[in-house]
Amino acid sequence: MGKVWALGFACWLLVSPLVLAQSLPGPPECKADTMKKIAFGVGSSAAQSEGAAAVGGRSPSVWDVFAKQPGKIQDGSSPAVATDFFNKYKQDIALMKSMGVKNFRMSISWSRLLPQAVKGSSPSSDGVKFYRAVFKELKDNGIEPAVTLYHWDMPQVLQDKYQGFIDRQIIEDFTYYADVAFKTFGDQVKKWTTFNEPWVTCNLQYGNGDFAPGVQYGDSGKWKCGHNLLLAHANAVRLFRQKYNSDKKGRIGMALWSEWSEPWTDKFEDKRAAQNKIDIDFGWFADAIHFGDYPAQAKKTQSAFLPVFTEEEKKLLRRSYDYMGLTIYTAKFASEVPGNPNGWWVRTTDVNGKVVGQQAESYWLYNVPWSINRMLTYMKNRYDNPYIWVLENGISEKGEGNRVGMGPDTLRDPLRTDYFRGYISEACKAVESNGVRLTHYFAWSFTDNWEWREGFKTRFGVVRIDFANPQLPRGIKDSGRWLSEHVFKKSGQTKQVGEVLNFDELGAAC
Ligand code: GAL
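Residues numbered from 1 in each chain as written. Predicted model: local features only at pLDDT ≥ 70, side-chain atom pairs only at ≥ 80, totals over all residues. Heavy atoms only, no water.

## Side note on the overall build of the chain
And then number 1: What the chain contains, in helices and strands, is 17 helices and 13 strands.
And then number 2: On C-alpha atoms alone, the chain measures out to a radius of gyration of 23 Å, which is about the 24 Å that the 2.2 N^0.38 rule sets for 510 residues.
And then number 3: With respect to the three principal axes, the spread of C-alpha positions in the chain is 85 × 60 × 50 Å.
And then number 4: Every one of the 510 residues in the chain was classed for burial, and the buried ones make up 61%.
And then number 5: Each charge sign in the chain was given a centre, from 64 positive and 56 negative side chains, and these centres are 3 Å apart. (Helix = DSSP H or I, 4+ residues; strand = E, 2+ residues; numbered from the N terminus. Rg over C-alpha atoms; globule rule 2.2 N^0.38 Å. Buried < 20%, exposed > 50% of the residue type's maximum accessible area, 1.4 Å probe, protein only. Lys, Arg positive; Asp, Glu negative; His and termini not counted. Charge placed at Lys NZ, Arg CZ, Asp CG, Glu CD.)

What follows is the structure, encoded as structure tokens:
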């Protein structure tokens, strides 16, 4: 009997690694051909990863200053070191390569490239050196960068000078910054995003003051911010097209945040509420860069504060993107506020009280795979079937921030693995069944990072970092292994046949 047991145990030891590997779910429900057509990758942002906040003459961003105010960041941390990508980028890029990653979304810190930030100021040679080295390292490892110019890290000097997005001066200064970036890195970077999630910037950074700089500019600030930001975007896009993209090999767009809004019931009123919410949250920016103006619903309900575009500005904005960037995490239900045809309530349970999906660590996030299909299909129908890049999609696993050390158990993230499998399958459905032109998809995020107000407590990485260890060791989580095996290694290269848009036809030459 003892022998049988010993033999059984020996066999288990032999097969257990296989059993463990097999315990990950199978591939997403996607045709091989679809997987090849989409360029998959991972994402991060400067403030959340770089650290080296004061190295090489970099000036502070609003987050560096905000994080120093007591009580602003949940765990009292700051972005001063973050994931130390500034010093560890070679190691991180090697890790990406080992996972089969071929596309990396990152952002440039405005105040590292241009410490004085304003028009006419000189680029920092250390800043230029750092980003050129990162782009070279990526290229040497077969990884293509997609670079965002502004991922929420307003230089503090511009905040002090004229309150950032509240003043029209931001248009000139941002366009100058974009000019410097295109000129300095244009030989290494072909894929650009002007702004990350303007909805968040204008609601949380320049509206309610929840995010840095932490000033409440209210409704007037919020809509002003959106207006100036849109014009800064359109000017940067015009510059890119006229001065830097004559061979039309580059691509530029904006990363628009949306959570899908599902009518709570099939009553006309609830359908109207869901539509109104999408109009105000997504159409605010998407309508402006596509049609050249704000959605009718915003004009109707926000007339007290909503600025007005001139005819020339409308022309500049119209089709000011090559791809429509989407960041999507979740869905909620919307029902109309009784007696108010313009008001909506957001609900996390359906009409029978069933919650929309499994909840993440982040209070606002639920695992709702079908949300991505509905959102992509909505964008296709409303905006003339644009090329779409999903620039962020991911989830925070409950309790990950409390894990200690780097043992195998700290790398288990079944919710995240399930989330990616569900969302990628639904994204493929949107392509295969609904004809959506999705060409890029970036999982958020590459490593755990500095999650803004939530500090290091909330984790989104497919690679774990032990922030309690000063060496900041990295370890690939199960979701990272799953993505590597079933997605990154199956993903297409990034040269998209047929993706070249006819700019003249789109009116982009104006
Ligand atoms: C996005 C943001 C990212 C990341 C993510 C998860 O809105 O662009 O920087 O923080 O949310 O919360």
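## Concerning the pairing of strand β10 (residues 387-392)
Working note: regular strand, side chains alternate between the two faces of the sheet.
And then number 1: Buried residues dominate β10, accounting for 6 of its 6 residues.
And then number 2: Across 4 bridges, strand β6 (residues 323-337) lies against β10 in parallel orientation. When the sheet's bridge partners are listed, T327 is paired in β10 with E392.
And then number 3: Summarising the sheet, β10 and strand β11 (residues 437-444) pair through 4 bridges and their orientation is parallel. Within β11, the position partnered with I388 by the bridge is L438.
And then number 4: Regarding the hand of the β-α-β motif, the stretch spanning β10, helix α16 (residues 414-434) and β11 is right-handed. (Pairing = 2+ DSSP bridges. Right-handed = clockwise from strand over helix to strand, strands pointing away.)

## Notes on the packing of helix α9 (residues 169-185) against helix α11 (residues 218-244)
And then number 1: At a minimum axis distance of 9 Å, the contact between α9 and α11 shows a crossing angle of 35°. Viewed along their axes, α9 and α11 form a crossing whose handedness is right-handed. Taken together, the residues of α11 that come into contact with α9 (itself represented by I170, I171, F174, T175, A178, D179, F182 and K183) are N228, L231, A232, N235, A236, L239, F240, K243 and Y244.
And then number 2: Looking at the contact of α9 with α11, its residues break down into 11 nonpolar, 3 polar and 3 charged. (Axes fitted to C-alpha atoms, helices over the stretch in contact; angles between N-to-C directions. Left-handed = near helix turned anticlockwise from the far one by under 90°. Contact = heavy atoms within 4.5 Å. Nonpolar A, V, L, I, M, F, W, Y, C, P; charged D, E, K, R; others polar.)

## Brief notes about the state of the cysteines
And then number 1: Tallied over the full model, the rule gives 2 disulfides.
And then number 2: The disulfide bridge from C202 ends at C225, spanning 2.1 Å between sulfur atoms. Because the sign of the S-S torsion sets the handedness, a value of about -70° for the bond joining C202 and C225 places this disulfide among the left-handed ones. A residue pair is termed long-range when its members are at least 10 positions apart, and C202 in helix α10 (residues 198-205) and C225 in helix α11 qualify at 23 residues.
And then number 3: By relative accessible area, C225 is classed as buried at 0%. (Disulfide = S-S within 2.5 Å.)

## Overview of the packing of helix α15 (residues 370-382) against α16
And then number 1: Relative orientation of the contacting elements α15 and α16 amounts to 35°, with a least axis distance of 7 Å. In this structure, α15 meets α16 at a crossing whose hand is right-handed. On the side of α15, the interface is formed by W370, S371, I372, N373, L376, T377 and K380, while α16 contributes Y423, E426, A427, K429, A430 and N434.
And then number 2: For the contact of α15 with α16, a count of residues per class yields 6 nonpolar, 4 polar and 3 charged.

## Examining the packing of aromatic side chains
And then number 1: Per the stated rule, a full pass over the model turns up 42 aromatic pairs.
And then number 2: Here W223 and W284 contribute two aromatic rings whose centre-to-centre distance is 4.5 Å and whose plane-to-plane angle is 50°, an arrangement assigned as tilted. Pair noted here: W223 is in helix α11 and W284 is in helix α12 (residues 268-291), with a separation of 61 residues, a long-range link.
And then number 3: Judged by relative accessible area, which is 1%, W284 ranks as buried.
And then number 4: Linked through ring pairs, F85, F86, Y89, F104, F130, Y131, F135, F185 and F446 together constitute an aromatic cluster.
And then number 5: In this arrangement the basic side chain of R112 is found over the ring face of F130, its NZ or CZ atom lying 5.6 Å from the centre.
And then number 6: The side chain of R437 reaches across the aromatic face of Y387, ending 4.2 Å from its centre. (Phe/Tyr/Trp six-rings, centres within 6.5 Å; stacked < 30°, edge-to-face > 60°. Lys NZ or Arg CZ within 6 Å of the ring centre and 35° of its normal.)

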